[in-house]
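Take a look at the letters that make up each chain.
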Amino acid sequence: MEILFLAIVLAPLIGAVIAGFWGDRIGRVGAHWVTSSGVGISALLSLYVLSGFITGSREPFNGSVYTWMVSDGLHMEVGFLVDQLTALMMSVVTFVSFCIHIYTIGYMADDEHNWPEGSLAGTNSYQRFFSYISLFTFSMLMLVMSNNFLQLFFGWEAVGLVSYLLIGFWSVRPTAIFANLKAFLVNRVGDFGFILGIAAIAMYTGSLDYSEVFKAIPGLADTQIQIFGDSSWSLMTVICILLFIGAMGKSAQVPLHVWLPDSMEGPTPISALIHAATMVTAGVFMVARMSPLYEFSETALSFILVIGATTAIFTGLIGIVQNDIKRVVAYSTLSQLGYMMVALGASAYAAGIFHLMTHAFFKALLFLAAGSVIIGMHHDQDIRNMGGIKKYMPWTYWTSLLGSLALIGFPGFSGFFSKDAIIEAVHHSSIPGAGYAYLAVVIGVFVTALYSFRMFFLVFHGKGPRDEHAKAHLHESPKVVTVPLVLLAIPSVFIGYFTVKAVLFEGWLGDALFVLPQHDTLGALAQSVSGPNEMISHGFHGLPLYLALAGLVTAGVIYLAFPSIADTIKKLFKPINIALEKKYWFDEAYQFLFAGGSRNLGRFLWETGDRLIIDNVIINGSARSIGRFADRIRNVQTGYLYHYAIAMILGLLLLLTWFVIAA
Amino acid sequence: MFADLPILSLTIWLPIIGGMLVLASGNKAPEATRRTALIISIMTFLVSLPLYSSFDTTTADMQFVEKAMWIEVFKIEYFLGVDGISMPLIILTTFITIFVIVAGWEVIQYRPAEYMASFLIMEGVMVGVFSALDAMLFYVFWEAMLIPMFLIIGVWGGPNRVYATIKFFLYTFFGSVFMLVALIYMYTQTDTGSFSILGYHDLKLGLTEQIFIFVAFLMAFAVKVPMWPVHTWLPDAHVEAPTGGSVILAAIMLKIGGYGFLRFSLPITPDASNHLDWLIITLSLIAVVYIGFVALIQQDMKKLIAYSSIAHMGFVTLGFFIVFMIAANPDAKEAGAILGLEGGMVQMVSHGFISAALFLCVGVLYDRVHSRQIGDYGGVVHTMPLFAGFMVFFAMSNAGLPGTSGFVGEFMVILASFRADFWFAFLGATTLILGAAYTLWMVKRVVFGEVANDKVAALQDINSREFFVLGSLALAVLVLGLWPAPLIEVMDASIANLLKHIAVSKL
């Protein structure tokens, strides 16, 4: 059984290693074949594992692969925990990754143009790109399949590394290498909390193994610890919030969200894979996996709820004013990640994971469709220059429409079920912050529909494109691009309808998730609805559906029918518009405070501490006073201090030898 | 099968005598000289391997012991032996020296025989430091180490080498004089008069005596590590030293300070260590945080890596001295103390690989452009993609990426320090952010971006010699990162024994 899981993990790694180290020799075709088949094998095997759980023929697996080290009785191992939650994540990750491998063949086909002439880094860039995305798949699988905190952290950082490499893939662009450094550092701020959380777990439970830790947690639920002086904190709250800080970094939650929009500097396939479908959901996955911990801290749950809700609404609003096609989708991703977090905060872990899954499909689809448009527009990403693309790119158009409908939660589409479940779950939640979160996610529905269809209409409908040259060359993308779009469109539409009952209401995820009875919001929801058809009919009686339609219609009216309205609104709400366009000044503030602040602090410490006080005053000062003293007593001088020093040593040795002989 | 051979003596004297021969052969046939030096260094490495392969991991006793009277009047003995603490450091020394020899191959044209000889002699002396069990023998090796390093910086160094050598020498010499006094004092306190370090471990000492001895040792070791605020010699020494000198300095000489704490300070003066642990912990945390910020704004790559070394060595001393607080913490009990000690040890070995590799990377660039200024580079990846790959890899290891050796020690020490005090772990963990910030910002400016100038445009990627050096170190970093268990197993018994020993008060 272990061999199967090892194969799933290692197939992409082997592909990555071959394409990375021998890219020269195997050439471009060899590279995309070896990596795509690696990930393809992994996807097939993952689906096989998943089907085992669906039919009920498979039991959860928990076992170690090898012992990383044992120190002080603390066993640190590399091992797998494969249950329903893991199987679902593995399937989503490998399936989306496989689609993206195929798509990349088309998208990166003429990557030479992105490199300066004669750049040696550009010669194998195609192979290197495939190597990186396969390496990412490996890292992500290590993360979701882990059965302990050490390996979780390994996967967590490894996906961060690949994200760094891929955001900065076009390393000649100043914006790209700014963005990747920013992404890595902001993630490291999250990891800072994460590693402290892991340290706390190791200290109080004496283990890093999930099952051991989960066993020990109920016994620690009432433990209080002192951190700030004598004030007592619940241990569980401290651990859960520390871990969640890690999730805030990886899943780009306010205020650590600033890196995700900038990550769009990377090539579009990885924006779809890493910065929309999989890596950024690692935080959501982690919290769900840690539900046996989070359930024991209502404070932490409230914290998640508030952070998630804030992210969901405020980043969605920014999406309305963005003009870069990828950035609109990026802000949409931020907002949807907020929704997932809200679900977790409301203890509706299954709904969070469910939304993670549906979102992975439709958001990857939307990104790849955006990429297809970008190819068509010759790498112009400004939606104001687009328009009327519908007739040139029919496949891209129709799949985009399906993806957008799924995103806004149109009844029957996969996003409808997951989003509706989240909204209803928050409605049933009674922990502090639930009221605010409910308001945020409900208004968020309108905002989502507005920014989604603003973009959709501006890109595909109306007159355009603005540039005649672009218009002349505009045509549908090749099959390697459109086939993945179709592959992703199918689950974007249908997967919700067919799985919602099992995942949300029949407890298919089983023991992977843990919910205390008093937090069981999904259970409360199941009292009124229990299947997809009921959810749809129920949806027609609720506010969110009409908000979504209102958003869609508003977008149509403003951006399709009467474009002048947009300008009027802009003028009327000028301060708000500026705040949105400046993204609430987060970047400016961080740049000033953290980037500038630490440079200034470093300069101060170096110049004042090291150079002035230590070197000049203490060292050279004492050297000078010794020198002055020596001036008076010395009568032999060579001018070099080190001669004296050597003389001292030699003298010492001579003295010792003399001692010996004399004695 | 090697039990009868004096492995330690061979490892010490083979490179020293070999170095003398190289020196004697002169500079008439530099190619032959280099080859001889390389062969000697490889042989030394091979000779040292049985220390690992025949090492008994079940005992904390000294192994491969050699003992002979040296100076009978003072009972100074030629007493050698290794345990799980010193053995990994000896292997590290013999391993790294090979790459130092290879790295100086074409680069050093001025007096190559003397250059190679200095490093070989240095190697033997450093192995001597790690294996000496007689305090006087230790002291002789300890001081002898300064001479080749002094020459390496003074002869093959940069324009400001005189200032750097003086600073280096005075700092380290200043520290070690006090240590000598302490060693001689303890000699007078033994019943029969002995310089045996193991005897010192069991020597009964009052608290005041212990504190004096502890402070004397601290001066010697703190300078070597180096700890804040006696660290300012290191950036200057690195900047002026030739690449090989920097590698030895960072990879091995700094470890001698850390080793000293484990071999002398903790076991000889456990009560003073317990009393003054707050001091070391404070200095260590200052090293991590303060030096992290200082590293951020360095414009000279070598200075940046030097400061990064100080910050990383802060983790070593932090891991060593949180032991007492963990023991005193009712929530953590004993568990965690070993984690901290072993974490510090792993950090030393790992830093040996990573800092060596980073200095070699800077050396590769310096050999071509003759500048260490970050501002003189940019877009190196376009002309040296292979090199860029190594640079990014080692930078990531320096930033403590899991899967590389840089992560292992930091992770262990953070986990352990949490058991001593939340805030120790909090401050220590800032290295996750600071370490990544200063290392990757440098990488961004040097490796990525557009080709900055004609010099960068004319760069040639690394040759097979450089590839061999960087590749071997990368492999070491990766293996230790993916599977640190063998290293831990080797030191486990000795560390556990050390902890048991220092838990017993001498008062």
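## Digging into the overall build of chain A
Thought 1: A tally of helices and strands in chain A yields 27 helices and four strands.
Thought 2: By the compact-globule yardstick of 26 Å for 663 residues, chain A fits well, its C-alpha radius of gyration being 29 Å.
Thought 3: If one aligns the C-alpha atoms of chain A with their principal axes, the spans along those axes are about 105 × 65 × 55 Å.
Thought 4: The burial tally for chain A puts 60% of its 663 residues in the buried class.
Thought 5: Contacts spanning at least 24 positions in sequence make up 79% of the contacts within chain A whose residues lie at least 6 apart.
Thought 6: Total accessible area on chain A is roughly 24,900 Å²; 66% of this is exposed by carbon and sulfur atoms.
Thought 7: Averaged over its 35 positive side-chain charges, chain A has a centre that lies 11 Å from the centre of its 40 negative ones.

## Quick word on the overall build of chain B
Thought 1: The secondary structure content of chain B amounts to 23 helices and two strands.
Thought 2: A globule of 507 residues ought to have a C-alpha radius of gyration of about 23 Å, and chain B, at 22 Å, matches this closely.
Thought 3: Residue pairs at least 24 apart in sequence account for 82% of intrachain contacts in chain B once pairs closer than 6 positions are excluded.
Thought 4: Split by element, the accessible area of chain B, about 15,200 Å² in all, is 67% carbon and sulfur.
Thought 5: The positive charge centre, built from 24 side chains, and the negative charge centre, built from 34, are 7 Å apart in chain B.

## A closer look at the packing of helix H17 (residues 385-398) of chain B against helix H20 (residues 431-446) of chain B
Residues and elements named next belong to chain B.
Thought 1: In contact at an axis separation of 8 Å, H17 and H20 are set at 165° when each is read in the N-to-C sense. In terms of their interaxial angle, H17 and H20 are classed as roughly antiparallel. Note on packing geometry: the crossing formed by H17 with H20 is left-handed. Judged by residue contacts, Met-391, Val-392, Ala-395, Met-396 and Asn-398 of H17 engage Tyr-438, Thr-439, Leu-440, Met-442 and Val-443 from H20.
Thought 2: Partitioning the contact of H17 with H20 into residue classes produces eight nonpolar, two polar and no charged.

## Looking at the packing of aromatic side chains
Thought 1: Evaluated as defined, the whole model comprises 61 aromatic pairs over all chains.
Thought 2: Geometrically, the ring pair formed by Phe-21 of chain A and Trp-22 of chain A is edge-to-face, given 6.0 Å between the ring centres and 65° between the ring planes.
Thought 3: One aromatic cluster is present, formed by Phe-138, Trp-142, Phe-214, Phe-217, Phe-221, Phe-261, Phe-264 and Phe-321 of chain B through successive ring pairs.
Thought 4: For the cation-ring pair, Arg-28 of chain A lies above Tyr-126 of chain A, with the distance from its terminal atom to the ring centre recorded as 4.1 Å.

## Description of the interface of chain B and chain A
When the parts come together, some accessible area is lost, and that loss is often what is quoted as the size of the interface.
Thought 1: Across the boundary between the two partners, chain B contributes 80 residues, which contact 69 residues of chain A.
Thought 2: Carbon and sulfur atoms supply 78% of the area buried between chain B and chain A, which totals about 6,600 Å² over both sides.
Thought 3: The largest contributions to the chain B side of the interface with chain A come from Ile-297, His-382 and Phe-418 of chain B, which together make up 10% of the buried area.
Thought 4: Along the contact surface separating chain B from chain A lie zero salt bridges.

## Thoughts on the environment of Ala-595 of chain A
Residues and elements named next belong to chain A.
Thought 1: Mapped onto the elements of the fold, Ala-595 is located in helix H26 (residues 586-633).
Thought 2: Ala-595 gets classed as partly exposed once you look at its relative accessible area, which sits at 24%.
Thought 3: Each C-alpha atom of the pair Ala-595 and Lys-182 lies 9.9 Å from the other, and the pair is 413 residues apart in sequence.

## Regarding a nonpolar patch on the surface
Residue and element names in this part refer to chain A.
Thought 1: Together, Trp-395, Val-486, Ile-490, Phe-494 and Phe-498 make up an exposed nonpolar region whose accessible area comes to about 540 Å².
Thought 2: At four residues, the largest contribution of residues to the nonpolar patch is made by helix H20 (residues 479-505).
Thought 3: Residue class for Phe-498 comes out exposed when judged on its relative accessible area of 60%.

## Observations regarding the environment of Ala-272 of chain B
Residue and element names in this part refer to chain B.
Thought 1: Assignment of secondary structure puts Ala-272 in helix H12 (residues 270-296).
Thought 2: On the accessibility criterion, Ala-272 (0% relative accessible area) is buried.
Thought 3: If near-sequence neighbours (up to four positions away) are discounted, Ala-272 is found in contact with Leu-207, Gln-210, Ile-211 and Phe-214.

## Description of the pattern of salt bridges
Thought 1: Taken as a whole and assessed by the stated rule, the structure comprises 16 salt bridges over all chains.
Thought 2: For Glu-31 of chain B, the salt bridge identified is with Arg-34 of chain B, shortest N-O distance 3.1 Å. Of the two residues, Glu-31 of chain B and Arg-34 of chain B both sit in helix H2 (residues 30-53), three residues apart, roughly one turn of that helix.
Thought 3: Looking at Glu-31 of chain B, the relative accessible area reads 34%, which means it is partly exposed.
Thought 4: Look at the salt bridges and you will find they share partners, linking Lys-182, Asp-262, Glu-265, Arg-327 and Asp-587 of chain A into a network.

## Overview of the confidence of the model for chain B
Residue and element names in this part refer to chain B.
Thought 1: On average, residues of chain B score 90 in pLDDT, and 99% of them are at 70 or above.
Thought 2: Per-element confidence in chain B is highest for H17, whose mean pLDDT is 95, and lowest for helix H7 (residues 161-189), whose mean pLDDT is 83.
Thought 3: For this predicted complex, the interface score ipTM comes out at 0.93, while the overall pTM is 0.93.

## Examining the pairing of strand S2 (residues 74-82) of chain A
Thought 1: Burial within S2 of chain A is extensive, with seven of its nine residues counted as buried.
Thought 2: Connecting strand S1 (residues 61-71) of chain A to the next strand, S2 of chain A, in antiparallel fashion are two residues, including Asp-72 of chain A with a positive phi near 60°.

## Here we look at helix H25 (residues 574-581) of chain A
All names here are of chain A.
Thought 1: Those residues of H25 lying buried are Asn-577, Ala-579 and Leu-580. Along H25, the residues classed as buried sweep out an arc of 160° about the axis, all on the same side. Every exposed residue of H25 that faces more than 90 degrees away from the buried side is listed here: Lys-574 and Pro-575.
Thought 2: The inward-facing, buried residues of H25 contact helix H13 (298-321) and helix H24 (563-572).
Thought 3: Just downstream of H25, Lys-583 is the residue with a positive phi angle, here 55°.

## Observations regarding the side chain of Ser-405 of chain B
All names here are of chain B.
Thought 1: Relative to the assigned elements, Ser-405 resides in helix H18 (residues 405-420).
Thought 2: Owing to a relative accessible area of 0%, Ser-405 belongs among the buried residues under this scheme.
Thought 3: Among residues more than four places away in sequence, those in contact with Ser-405 are Ser-350, Ile-354, Val-477, Leu-480 and Gly-481.

## Some details on unusual backbone geometry
Thought 1: Here Val-254 of chain A and Pro-255 of chain A are connected by a cis peptide whose omega angle stands at 5°.
Thought 2: If you trace the backbone, Pro-255 of chain A turns up in the loop between helix H8 (235-250) and helix H9 (259-262).
Thought 3: In this chain, Val-225 of chain B is followed by Pro-226 of chain B through a cis amide linkage whose omega measures -15°.
Thought 4: Assignment of secondary structure puts Pro-226 of chain B in the loop between helix H9 (207-224) and helix H10 (233-240).

## Concerning the pairing of strand S2 (residues 76-82) of chain B
Residue and element names in this part refer to chain B.
Thought 1: For S2, the buried fraction is high: seven of the seven residues fall into the buried class.
Thought 2: Neither face of S2 is exposed, since Ile-76, Tyr-78, Leu-80 and Val-82 on one face and Glu-77, Phe-79 and Gly-81 on the opposite face are all buried.
Thought 3: As judged from the six bridges shared by strand S1 (residues 63-71) and S2, these two strands associate in the antiparallel manner. Residue pairing across strands places Ala-68 opposite Tyr-78, the latter belonging to S2.
Thought 4: Counting the residues in the hairpin turn of S1 and S2 gives four residues, including Lys-75, whose phi is positive at 55°.

Cut-offs used in this document
- Residues numbered from 1 in each chain as written.
- Chains lettered and ligands numbered in written order.
- Predicted model: local features only at pLDDT ≥ 70, side-chain atom pairs only at ≥ 80, totals over all residues.
- Heavy atoms only, no water.
- Helix = DSSP H or I, 4+ residues; strand = E, 2+ residues; numbered from the N terminus.
- Rg over C-alpha atoms; globule rule 2.2 N^0.38 Å.
- Buried < 20%, exposed > 50% of the residue type's maximum accessible area, 1.4 Å probe, protein only.
- Contact = heavy atoms within 4.5 Å.
- Areas by Shrake-Rupley, 256 points an atom, 1.4 Å probe, with all protein chains shown as cover.
- Lys, Arg positive; Asp, Glu negative; His and termini not counted.
- Charge placed at Lys NZ, Arg CZ, Asp CG, Glu CD.
- Axes fitted to C-alpha atoms, helices over the stretch in contact; angles between N-to-C directions.
- Parallel < 35°, antiparallel > 145°, perpendicular 65-115°, else oblique.
- Left-handed = near helix turned anticlockwise from the far one by under 90°.
- Nonpolar A, V, L, I, M, F, W, Y, C, P; charged D, E, K, R; others polar.
- Phe/Tyr/Trp six-rings, centres within 6.5 Å; stacked < 30°, edge-to-face > 60°.
- Lys NZ or Arg CZ within 6 Å of the ring centre and 35° of its normal.
- Buried area = accessible area lost by both parts, 1.4 Å probe.
- Salt bridge = Lys/Arg side-chain N within 4 Å of Asp/Glu carboxyl O.
- Patch = residues over 30% accessible without salt bridge, like charges linked within 9 Å, V, L, I, M, F, W, Y side chains within 5 Å.
- pLDDT = per-residue confidence, 0-100.
- Pairing = 2+ DSSP bridges.
- Arc of directions from axis to C-beta.

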